[in-house]
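# Reading the structure
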Number of protein chains: 2
Amino acid sequence: MRLLAIVEYDGTDFAGFQLQRNQRTVQGELERALHKITGDAKRIRVMGAGRTDAGVHASGQGAHFDSAWEKPLEILHRALNAVLPNDISIRSLTQVAPDFSARYNATSRTYRYTILNHVIRSPLNERYALLVSEPLDVDAMNAAARCLIGEKDFGAFGTPPRGDNTVRRVYRAQVERHGDQVLIEIEANAFLYRMVRRIVGTLLQVGKGTLSIAEFSQVLERKIRAGEAVPPQGLCLTQVKYERQVTRIG
Amino acid sequence: MRLLAIVEYDGTDFAGFQLQRNQRTVQGELERALHKITGDAKRIRVMGAGRTDAGVHASGQGAHFDSAWEKPLEILHRALNAVLPNDISIRSLTQVAPDFSARYNATSRTYRYTILNHVIRSPLNERYALLVSEPLDVDAMNAAARCLIGEKDFGAFGTPPRGDNTVRRVYRAQVERHGDQVLIEIEANAFLYRMVRRIVGTLLQVGKGTLSIAEFSQVLERKIRAGEAVPPQGLCLTQVKYERQVTRIG
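The shown structure was predicted, so the numbers you read here are calculated from the model rather than taken from an experiment.

Rules behind the numbers
- Residues numbered from 1 in each chain as written.
- Chains lettered and ligands numbered in written order.
- Predicted model: local features only at pLDDT ≥ 70, side-chain atom pairs only at ≥ 80, totals over all residues.
- Heavy atoms only, no water.
- Axes fitted to C-alpha atoms, helices over the stretch in contact; angles between N-to-C directions.
- Helix = DSSP H or I, 4+ residues; strand = E, 2+ residues; numbered from the N terminus.
- Parallel < 35°, antiparallel > 145°, perpendicular 65-115°, else oblique.
- Left-handed = near helix turned anticlockwise from the far one by under 90°.
- Contact = heavy atoms within 4.5 Å.
- Nonpolar A, V, L, I, M, F, W, Y, C, P; charged D, E, K, R; others polar.
- Buried area = accessible area lost by both parts, 1.4 Å probe.
- Salt bridge = Lys/Arg side-chain N within 4 Å of Asp/Glu carboxyl O.
- Polar contact = N/O pair within 3.5 Å; in protein donor to acceptor, adjacent residues only side chain to side chain.
- Domains from an automatic or database assignment.
- Buried < 20%, exposed > 50% of the residue type's maximum accessible area, 1.4 Å probe, protein only.
- Arc of directions from axis to C-beta.

### Describing the packing of helix H1 (residues 26–38) of chain A against helix H2 (residues 73–83) of chain A
Residues and elements named next belong to chain A. Taken N-terminus to C-terminus, the directions of H1 and H2 make an angle of 120 degrees; their axes are 9 Å apart at the nearest point. Relative to H2, the element H1 is oriented oblique. Note on packing geometry: the crossing formed by H1 with H2 is right-handed. Together, Ala-33, Leu-34, Lys-36, Ile-37 and Thr-38 of H1 and Leu-76, Ala-79, Leu-80 and Val-83 of H2 make up the contact between the two elements. Here the contact of H1 with H2 is built from residues that sort into 7 nonpolar, 1 polar and 1 charged.

### A word on the interface of chain A and chain B
Across the boundary between the two partners, chain A contributes 26 residues, which contact 26 residues of chain B. Carbon and sulfur atoms supply 52% of the area that chain A and chain B bury against each other, a total of about 1900 Å² over both sides. Considering only the side of chain A, the residues that lose the most area to chain B are A:Arg121, A:Pro123 and A:Leu124, jointly responsible for 39% of the buried surface there. In this structure, the connection of chain A to chain B is made through 0 salt bridges. If you look at where chain A meets chain B, you find 20 residue pairs in polar contact (both at pLDDT 80 or more). Looking at the side of chain A that touches chain B, the elements with two or more residues in it are strand S1 (2–9), strand S3 (57–66), H2 and strand S4 (88–96) of chain A. Split by residue class, the side of chain A that touches chain B holds 11 nonpolar, 9 polar and 6 charged.

### Overview of the domain arrangement of chain A
Residues and elements named next belong to chain A. The domain architecture assigned to chain A consists of domain 1 (2–104) and domain 2 (108–239). Placing a centre on the C-alpha atoms of domain 1 and another on those of domain 2 gives a separation of 28 Å. Of all residues in domain 1, Asp-53, Val-56 and His-57 bury the most surface against domain 2, accounting for 36% of the area lost on that side. Salt-bridge contacts for Arg-197 lead to Asp-53; the nearest nitrogen and oxygen are separated by 3.1 Å. In this assembly, domain 1 and domain 2 are joined by 12 residue pairs in polar contact (both at pLDDT 80 or more).

### What to know about helix H5 (residues 213–220) of chain B
Residue and element names in this part refer to chain B. Taken together, the buried positions of H5 are occupied by Phe-216, Val-219 and Leu-220. Take H5 and look down its axis: the buried residues cluster within an arc of 105 degrees, on one side only. Lining the buried residues of H5 we find helix H3 (138–146), strand S7 (150–153) and helix H4 (195–208). Once H5 finishes, Arg-222 follows within two positions and takes phi at roughly 65 degrees, a positive value.

### Concerning unusual backbone geometry
Its identity as a non-glycine residue notwithstanding, A:Arg222 has a phi of 65 degrees, on the positive side. Counting through the fold element by element, A:Arg222 comes out in the loop between helix H5 (213–220) and strand S10 (235–242). Assessed through its relative accessible area of 52%, A:Arg222 is described here as exposed. Positioned with a positive phi, B:Asn22 is a non-glycine residue whose angle comes to about 60 degrees. Structurally, B:Asn22 can be placed in the loop between strand S1 (2–9) and helix H1 (26–38).

Listed below in structure tokens is the structure:
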């Protein structure tokens, strides 16, 4: 049967989600745990919804795999969490249709980028945030972010994983301040490689006043170069949405 | 001149605050940074308000030291934060009276213990919290915590750092739920060794229903044994208060 796992991980000590030779990856740890618990002779392949980069976190990554497990799912769920390393856990485990794909049936992915906007380093807050000491105009950043919403060519902000289609549909893009924290949330059908981090890097230029909102639009039109990608530790894949019907079975 | 530093640190990779041979300590890192920046031939000694244990964090530890620094304090502050490792930072640096002591002039210390009350492990929340899967009766825990307030003998919950005086004055003790998080805050003039962590361990018995509020009072009276100390990662020294006059100088 096919199963969908919603996975949380602290990306700090991973070389990203996707399997890589001689590197510690989330996919590799999930496959190792599955092998240990199910004892299947054949290696179980895990397919993730988004291939998060090294250092990027997730609180709601989706991943599917097949298993011949016959006992209640709750037992598999608990057993997997017992053997998975401390920096990964499976939040939920549900049966899905045999042709379900965590990647291709996802209708949207939501990423959140966290900025700590404070003059002094904060060791207790920087494992999951980027420190920005300059004052940030969050209203301007939010107005610029709104330019991203809709079906557009995002080639200015990233490269496609393969082929050359750089059109994506952004459903939501907002910037909010909560005390010292500035949170940037973007939901889209899919993302290009480094897209969120380069958008955040460019929004930071707007926040610091070195790029106007009108110039931010011109970045989208490729008339001005986008900012550099910000570091991975502030980024978190918070949710992957699926069509309701494909995750209901059994 | 004498200086008071308010220090934040992630205690995960420290063998506690206080200097120990061949161990990585907060005091050791502060003294090393001071030596590097001031170039003083004599080693500068740093005295902390509270000697937090290995793995315990701080967002507001107080520490004093003497320095012959002659340039503006802001320059020393910035230089120290530039050379300190990522898991320590100095939040503020102020001149104090030559006989000021971060330890003996402190009027109170506040500790916060964070519990993640959820059935499933959460890698993104457990660096600074203890996972407790059983449901917790937070109202009962809060009522029990109130028994701690006042000048009392806390010998049941800890040992004194030296001598045998186990009387301490607790100003505030409260337990609050914020979603999945249960926060326990205790402010006292001073604490015994392991006192907060054994209080939390005993409050957890109340929360799980294995100890009544009346029995919690009996622990204070040493008629019932206190619970085990909870692990260090949930504990954070959030504030050290000083009399206003001793920190005003210059």
